Amino acid sequence: MDVTKAIHKRRSTRSFKDKKPDWRDILDCLDTTRYSPMAGGYFTLNFLIIDEKEKIKEIAKWSEQDWIKEAPYVVLFITDAGIATNVYKERGELYSHQQAGGAIQTFMLSLIEKGLSSCWVGHFNEDKIKFLFKIPNSRKIEAIIPVGYEKEKPKTRKIQAELYNRVNYHEWGNKRMHRIEKVEHYYPEGYKNSKI
Ligand SMILES: Cc1cc2nc3c(=O)[nH]c(=O)nc-3n(C[C@H](O)[C@H](O)[C@H](O)COP(=O)(O)O)c2cc1C
């Protein structure tokens, strides 16, 4: 699938069909994350794939988001920041989070190609979820991603950000790519002194 098409097609899905995806498709999509940019090429992520209904209910509870219960799969993105901080000191922490974000987007776009949908969940009780799944304290849960087949089409969205207000050129605050020079009118040969 065309990348731009996948980017436009991706929506946050919060309602899933009962049909269970093939877990190997999810694994394939996690495989694509290995191609995401990582500072120095150090891969700082681990994943946890969950399909037990009772466990998914617990995730919904500790995320205060009931809709997650419907998801046939939930994938956790887990960072080991130590890998990056060993090399990049305090910048390593930032890099770990940034590259997790990039990898999450890569994963979500790959799911689109498989006909699957997902939602990035950032609101959850990290301590409780770590305890539930025996995740070491040294790790950071970057996001919880429920995955499945979309049940209802999401409402059409209005993209908030106007590009014009966001892009600066040459220096902060300059909204024009080039200064507009005084434009000399072009008169074709022979019309030089005629009134147009
Ligand atoms: C860092 C982050 C955290 C988010 N956390 C949640 C969340 O906890 N629950 C939820 O339903 N959506 C969450 N979202 C999804 C956004 O609400 C969603 O991307 C946004 O409303 C735009 O809709 P779209 O994804 O369909 O374009 C999160 C997205 C990001 C990037």
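Along each chain, the written sequence defines residue order, and numbers are assigned to residues from 1. Totals for whole chains, interfaces and linings use all residues, but because this is a predicted model, local features are given only for residues with pLDDT of at least 70 and pairs of side-chain atoms are given and counted only at 80 or more.

Asker: Kindly report on the pairing of strand S2 (residues 73–79), identifying the contributing residues and their values.
Answerer: Think of it as a crowd count around each C-beta: if 20 or more other C-beta atoms lie within 10 Å the residue is buried, if 12 or fewer it is exposed, and in between it is partly exposed, with C-beta placed from the backbone throughout. Helical segments are the DSSP runs of H or I of at least four residues, strand segments are the runs of E of at least two, and each set is numbered from the N terminus. Of all 7 residues in S2, 7 are buried; the element is thus mostly enclosed. A two-sided burial pattern is seen for S2, the buried positions comprising Tyr-73, Val-75, Phe-77 and Thr-79 on one face and Val-74, Leu-76 and Ile-78 on the other. A pair of strands is treated as paired once DSSP finds two or more bridges between them. Examined bridge by bridge, strand S1 (residues 45–50) and S2 share 6 bridges and lie antiparallel to one another. Bridge pairing in S2 links Ile-50 to Val-74.

Asker: So what's going on with the sheet that holds S2? Residues and values would help.
Answerer: Taken in spatial order, the 4 strands of this open sheet run S1-S2-S4-S3, and their pairing is antiparallel. This sheet does not close on itself; its edge strands, each paired only once, are S1 and strand S3 (117–118). On top of the sheet, helix H5 (residues 90–113) reaches S1, S2, S3 and strand S4 (140–148); it is set at about 5° to S4, its chief contact. Contacts are defined on C-beta atoms placed from the backbone: any two residues whose C-beta positions lie within 7 Å are in contact. Inter-axis angles, ranging from 0 to 180 degrees, are taken between N-to-C directions of lines fitted to C-alpha atoms, where helices are fitted over the stretch in contact.

Asker: Please give an account of the environment of Lys-155 that cites residues and values.
Answerer: By the element assignment, Lys-155 lies in the loop between S4 and helix H7 (163–166). In this structure Lys-155 comes out as exposed when scored by C-beta crowding, with 7 C-beta atoms within 10 Å. Note: C-alpha distance between Lys-155 and Gly-92 (63 residues apart in sequence) is 38 Å.

Asker: Tell me about unusual backbone geometry, and please be specific about residues and values.
Answerer: Generally, phi is negative for residues other than glycine and the peptide bonds are trans, each holding for most cases. With phi around 50°, Lys-89 is a residue other than glycine that occupies positive phi space. Along the chain, the position of Lys-89 falls in the loop between helix H4 (81–88) and H5. Not every positive phi belongs to a glycine, and Lys-134 is a case in point at roughly 60°. Assignment of secondary structure puts Lys-134 in the loop between helix H6 (126–132) and S4. Take Lys-134: there are 7 C-beta atoms within 10 Å of it, and that puts it in the exposed class.

Asker: So what's going on with the pairing of S4? Which residues, and what values?
Answerer: In terms of burial, S4 is largely enclosed, as 8 of its 9 residues are buried. Where S2 and S4 come together, 7 bridges link them in antiparallel fashion. Its bridge partner being in S4, Phe-77 is matched across the sheet by Ala-143. Taken together, the 2 bridges between S3 and S4 define a ladder with antiparallel strand orientation. From the neighbouring strand, Ser-117 faces S4, where its bridge partner is Gly-148.

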